[in-house]
Amino acid sequence: MKETKRAAIYTRVSTARQDQDGYSIPLQTERLESYCTAMGWSIAGEYSDPGYSGASINRPGLSALIEDSKSHRFDVVLVYKLDRLSRSQRDTLFLIEDVFEASGVSFVSLQESFDTSSIYGRAMLGIISVFGQMERETITERTLMGRVGRAESGLWHGGGTPPIGYDYIDGHLVINEGEAAQVQRIYKMFDLGFSLREISDAMAGAKTKHGDWSHSATIGNVLDSQLYAGYIKFCDSMVMGTHDPIVDQALNDRVKRLREKSREFRSRPDSNYLLTGLIYCASCGARYFPNRRPNGSVVYSCYSRAKKNKSMVMDPDCKAPHIPMQELDDAVEGEFLFRLKKHDIPITDVTQGFLLEMWPQLMVGAKRTILVQHTKKIEIKRDGSFNLVI
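First, a word on what this report is: a plain description of the structure on this page.

Scoring rules and cut-offs
- Residues numbered from 1 in each chain as written.
- Predicted model: local features only at pLDDT ≥ 70, side-chain atom pairs only at ≥ 80, totals over all residues.
- Heavy atoms only, no water.
- Pairing = 2+ DSSP bridges.
- Helix = DSSP H or I, 4+ residues; strand = E, 2+ residues; numbered from the N terminus.
- Axes fitted to C-alpha atoms, helices over the stretch in contact; angles between N-to-C directions.
- Parallel < 35°, antiparallel > 145°, perpendicular 65-115°, else oblique.
- Contact = heavy atoms within 4.5 Å.
- Nonpolar A, V, L, I, M, F, W, Y, C, P; charged D, E, K, R; others polar.
- Buried < 20%, exposed > 50% of the residue type's maximum accessible area, 1.4 Å probe, protein only.

## Concerning the pairing of strand β7 (residues 172-175)
Along any regular strand the residues' side chains alternate between the sheet's two faces. Pairing of strand β6 (residues 166-169) with β7, which is carried by four bridges, proceeds in the antiparallel orientation. Following the sheet pairing, Asp 167 is matched in β7 by Val 174. Between β6 and β7, which pair antiparallel in sequence order, lie two residues; one of them, Asp 170, sits at a positive phi of approximately 50°.

Structure below.
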């Protein structure tokens, strides 16, 4: 007597639209069960993935099907249509050849009328899988073209949660006043020289649709985005958007320049020092750099005199003095704050008062950023004194 085949039924639907178009889970199940009855097969198990895309094989129902096939719980896997298993040619062939057949399990697709136990079925499998892959890639390409088209028209691409500072209404970005005020505050604080961590601390308690500002990366992403100055970027395209900007162009440009300088400083091995990149020798014109001595102390030294980097030497006979780091840091900070109080530095009274109040709380990185922004250079004279050039 011929042994009855044990069948595993697998069904999947990814969207409500497919459910309405005749691919519903109950309809697939009904037809597959009828096929099993007609073939005289017993149903060993039913596996289903409602609401899961066929673009990925990371689905709970499919995972259970794979595990049970390895345990030889059935002899054949039955689906209503090939793309119910997967829309990827590579994944389809992997599942059938490397999973099912490797476990002695054949595969049957009802709609395409073939099974892998026959030569014809295996040949048809490869052909139909290719068309399933082409359909998915066509959908992806159309979606991408649609997003590019929106970007070229100055419209945000849509989809997902709108960016901080905006709501998405009727296909357009509309300013969310509460979040926009937070974005403006972050831009202004960074423009004043606050570090990302200091901004994060200052924004404690503030909330957006994305959460809070506890992560520096969130603040960095906002500062790096051109969206807030009114631009739309998609792939390599940058166009003026139809949405209203949250920050003005001048502030945006200053912040972007400061972000670039900040990255340059972080990439340097001496970036933890207050006056890095600001000090020059008044005698030969070479830069000064933080120079760690054998005893562990740090001094600022002229490249020409130290001769540690030949490409930076301007005069090999220069006799410029070495200046203890802390001594020069303290003196320059004192001179900068003195000039700030005297209004020698061209900033508004509000900004001046804010900087004077917050200066003692700022970390070295924030202080350096402010000095870079408002100081042209610091010249070290032969006698060890300095000139702060604003």
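Picking up where we left off.
## Let's talk about the packing of helix α7 (residues 177-192) against helix α9 (residues 216-224)
Axes are the key here: two packed helices are described by the angle between their axes and the distance separating the axes. The interhelical angle for the contact between α7 and α9, taken along N-to-C directions, is 90°, at an axis separation of 10 Å. When the axes of α7 and α9 are compared, the pair comes out roughly perpendicular. Taken together, the residues of α9 that come into contact with α7 (itself represented by Val 183, Ile 186, Tyr 187 and Phe 190) are Ile 219, Val 222 and Leu 223. Here the contact of α7 with α9 is built from residues that sort into seven nonpolar, no polar and no charged.

## Here we look at unusual backbone geometry
A positive phi angle, near 60°, is found at His 72, a position not held by glycine. With respect to the secondary-structure elements, His 72 resides in the loop between α3 (60-70) and β3 (76-79). Given the relative accessible area of 47%, His 72 is considered partly exposed. Phi at His 343 takes a positive value of approximately 65°, unusual for a residue other than glycine. Looking at the secondary structure, you find His 343 in the loop between α12 (325-341) and α13 (349-358).

## With respect to the environment of Val 299
Tracing the sequence through the fold places Val 299 in strand β12 (residues 298-302). For the pair Val 299 and Pro 321, spaced 22 residues apart in sequence, the C-alpha to C-alpha distance is 9.8 Å.

## A word on the sheet that holds strand β11 (residues 288-292)
Sheet architecture is open: three strands sit in the order β11-β12-β13, paired in antiparallel fashion. Every other strand in the sheet has two partners, leaving β11 and β13 (323-324) as the edge strands with one partner each. With five bridges joining them, β11 and β12 adopt antiparallel strand pairing. Directly across from Phe 289, in β12, lies its bridge partner Ser 301.

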